[in-house]
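# Coordinate inspection notes
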Amino acid sequence: MRAYLSYFKLRFITHLQYRAAAWAGIATQVFFGFVYIMVYIAFYESGSASLPMQLPQLITYIWLNQALLSLVNLFYKDQELFSLVKTGNIAYELARPKNMYFMWYFKIIGERLSKVVLRAIPFIIFLMFLPEPYRISLPASFEHFLLFLSTMTAGTLLMTSIIALYPIITMHTLNEKGVVGIIISISDIFSGLVVPIPFFPKFLQTISKCMPFQYVSDLPFRIYVGNIGLQEGLIGLIIQIIWIIILITLGYILMQKSLKKVVVQGG
Amino acid sequence: MKVYLKHLGLHLKSLLEYKASFITSFLSQIIVFFSYYFIILALFTKFDNIKGFTLYEVLLCFAVIQFGFAFNESFARGLDHFDELIIKGEFDRILLRPKNILLQVCGYEADYTKVSRLIQALIVLVIALINLKIEWSIMKVITLLLMLLSAIAVFFSIFLLAASYCFITVQGLEVRNVFTAGGKHMAQYPIGVFKKGFVYFFTFIIPYAFVNYYPLLYFLGKTNNPLYALSPLLVFVYLIPCFLIFYKGTKRYASAGS
């Protein structure tokens, strides 16, 4: 366990170095937040009878998405793990006396956390001082906030479990753009990054419930704004844990299987 | 130009060597693009208009903008990735050749998977046109063509500006995304639906409004002022300073490669 934790720490510290990139990232995310919100405001001002979320809830949802993007984004473009597979450097990894799946798992989580930890809090504080209607609201209640924290933690683990599958799939396809690309684009839609799940047509909401993606970010954010009640939220937390167990087992088994017949590329 | 086309042909050939991978990337591009208009489709199940524009009117606007963007992403890829060209020192090689610099940059890389977006944008365009009851006239055909061409021009000029920026900073900055991806996201909707400040910004600083708003008003019969129909021409005027800036940049260029 200590070895894995040090992987986590290494990644965490390395990525903390990129501070200028971090600030540029925040600026971009603020801008995008505004863009999304402007579109929704234009829609809300045009009026409609039945809306699944109130505007302040929606705005908070969008800001949480932007502030915590690194914890919830299933888009993974870091070339390091992929190029391990593609260049054959995976051989070095294999030489290490640790389980490769968990090595990768902790690498991913360390990298993602480092991107959020230092900037999410000042970011959210900044958002609290924005003029209405752009301001981020406080959690619906203290209980909602506690449940948000636990589902967010589970969501982060779930995100990592999904991403850890990408390089394993790449071991078979040798190209991270194809199959993995398709998974990434589907997850983009169903994690609520594009449009919050309540805005989906009914049948897509049903499909979405059968996939792990909405439990990464849509669930915790909607608990925070109070769009999901406490009881329903607790059920969501259980579903999250089930998905994490399923995906980690799947990833672990797939990894062992593909390592048995690994063909090292390149010399 | 011939050289440019040959470049594109070569890229296509090399891509087709890896058929399965090409097909899956093509597919994933289709889904990515779907997620773009999925937003519009989903929101229009809950709302029936956005500031007076209906679903198909917005889709028309969306298709025009995406067409212009996808066209540049497919065929001016090198310009989009200009920082890589500079960092790797590839740009030095280009400068050495006795051919047009810009065409070479554009042809440096071609991304055919993005052609799937181009095709989809055209499909969405046709669907929108069929569902909109438009009283066609020659003027309107011209307006639509101008909109499509100016959409290409507006993204090309932004790409040019972003590339010129790389001459100064070497590394392409994320800020560039604000104008391409962020601007594109807003321009999917008629710019006029947004707050005043944004409308001015996207009219006078980056002329999206002349691509997707003023001509659209004429095209949909919301105004009869023919000046609105011809307003996309201003985007072509906008291209001129962008070209000049880029060429000025190449003059000042100091190599970064080894």
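Our subject is the structure that appears above.
First, a word on scope: everything that follows refers to the structure included in this document. (Residues numbered from 1 in each chain as written. Chains lettered and ligands numbered in written order. Predicted model: local features only at pLDDT ≥ 70, side-chain atom pairs only at ≥ 80, totals over all residues. Heavy atoms only, no water.)

Along the backbone of chain B there are 15 helices and zero strands. Here the C-alpha atoms of chain B give a radius of gyration of 19 Å, agreeing with the 18 Å that 2.2 N^0.38 yields for 258 residues. With the C-alpha coordinates of chain B rotated into their principal frame, the extents come out at 55 × 40 × 35 Å. Each of the 258 residues in chain B was classed as buried or not, and the buried ones make up 54%. A separation threshold of at least 6 residues defines the contact pool for chain B, and within that pool the share at least 24 residues apart is 77%. Of the side-chain charges in chain B, 23 are positive and 13 negative, and the distance between the mean point of each set is 5 Å. (Helix = DSSP H or I, 4+ residues; strand = E, 2+ residues; numbered from the N terminus. Rg over C-alpha atoms; globule rule 2.2 N^0.38 Å. Buried < 20%, exposed > 50% of the residue type's maximum accessible area, 1.4 Å probe, protein only. Contact = heavy atoms within 4.5 Å. Lys, Arg positive; Asp, Glu negative; His and termini not counted. Charge placed at Lys NZ, Arg CZ, Asp CG, Glu CD.)

Only a minority of non-glycine residues have a phi that is not negative, and only a minority of peptide bonds are not trans. With an omega of 0°, the peptide bond running from Glu132 of chain A to Pro133 of chain A counts as cis. If you check the backbone angles, Lys51 of chain B has positive phi at about 50° while not being a glycine. The class for Lys51 of chain B is partly exposed, based on a relative accessible area of 38%.

Turning next to the packing of helix α3 (residues 55-67) of chain A against helix α7 (residues 100-128) of chain A. All names here are of chain A. Their axes nearest at 10 Å, the elements α3 and α7 cross at an angle of 155°. Relative to α7, α3 is oriented roughly antiparallel. Of the two possible hands of crossing, α3 and α7 adopt the one that is right-handed. Two secondary-structure elements touch here, α3 through Trp63, Gln66 and Ala67 and α7 through Ala120, Phe123, Ile124 and Leu127. For the contact of α3 with α7, a count of residues per class yields six nonpolar, one polar and no charged. (Axes fitted to C-alpha atoms, helices over the stretch in contact; angles between N-to-C directions. Parallel < 35°, antiparallel > 145°, perpendicular 65-115°, else oblique. Left-handed = near helix turned anticlockwise from the far one by under 90°. Nonpolar A, V, L, I, M, F, W, Y, C, P; charged D, E, K, R; others polar.)

What follows concerns the interface of chain A and chain B. Chain A puts 39 residues into the contact, and the matching count from chain B is 33 residues. For the pair chain A and chain B, the two sides together bury roughly 3100 Å², of which 77% comes from carbon and sulfur. In terms of surface lost to chain B, no three residues of chain A exceed Phe31, Met38 and Phe43 of chain A, which account for 20% of the buried area on that side. Linking chain A with chain B are two salt bridges. The residue Glu45 of chain A makes a salt bridge to Lys195 of chain B at a minimum N-O spacing of 3.5 Å. Across the chain A-chain B interface, the total number found is two residue pairs in polar contact (both at pLDDT 80 or more). Every element with two or more residues in the side of chain A that touches chain B is listed here: α2 (19-45) and α10 (179-190) of chain A. (Buried area = accessible area lost by both parts, 1.4 Å probe. Salt bridge = Lys/Arg side-chain N within 4 Å of Asp/Glu carboxyl O. Polar contact = N/O pair within 3.5 Å; in protein donor to acceptor, adjacent residues only side chain to side chain.)

Two elements in contact, α10 of chain A and helix α2 (residues 19-46) of chain B, have axes separated by 8 Å at closest approach and are oriented at 10°. One finds that α10 of chain A runs roughly parallel with respect to α2 of chain B. Packed against α10 of chain A, whose contacting residues are Val179, Gly181, Ile182, Ser185, Ile186 and Ile189 of chain A, the element α2 of chain B presents Thr24, Leu27, Ser28, Ile31, Val32, Phe34, Ser35 and Phe38 of chain B at the interface. Of the residues in the contact of α10 of chain A with α2 of chain B, the class split is nine nonpolar, five polar and no charged.

Right, let's get into the side chain of Ser208 of chain A. Relative to the elements of secondary structure, Ser208 of chain A occurs in helix α11 (residues 202-209). Discounting chain neighbours no more than four positions away, the residues touching Ser208 of chain A are Phe190, Ile197 and Gln214 of chain A.

All names here are of chain B. Checked against the element boundaries, Ala20 lands in helix α2. The exposure class of Ala20 is exposed, given its relative accessible area of 59%. Remark: the alpha-carbon pair of Ala20 and Tyr253, spanning 233 residues in sequence, is separated by 40 Å.

So, on to the packing of aromatic side chains. Using the criterion set out here, one finds 42 aromatic pairs over all chains in the structure. Taking the centre distance of 6.4 Å and the plane angle of 90° together, the rings of Tyr101 of chain A and Tyr252 of chain A count as edge-to-face. One end of the pair, Tyr101 of chain A, is in helix α7; the other, Tyr252 of chain A, is in helix α13 (residues 230-260), and 151 residues separate them in sequence. We classify Tyr252 of chain A as partly exposed; its relative accessible area is 33%. Considering the side-chain rings of Phe33 of chain B and Tyr37 of chain B, the 5.7 Å spacing of their centres and the 70° angle between planes classify their relative orientation as edge-to-face. Pair noted here: Phe33 of chain B and Tyr37 of chain B are both in helix α2, with a separation of four residues, about one helical turn. A relative accessible area of 0% means that Phe33 of chain B is categorised as buried. (Phe/Tyr/Trp six-rings, centres within 6.5 Å; stacked < 30°, edge-to-face > 60°.)

Tallying each qualifying case throughout the model produces six salt bridges over all chains. One salt bridge connects Glu45 of chain A with Lys51 of chain B, and the closest N-O pair in it is separated by 2.8 Å. Taken together, the positions of Glu45 of chain A in helix α2 and Lys51 of chain B in the loop between α2 and α3 (55-75) put the pair across two chains. Given a relative accessible area of 48%, Glu45 of chain A falls into the partly exposed group. The network of salt bridges with common partners includes Glu45 of chain A together with Lys51 and Lys195 of chain B.

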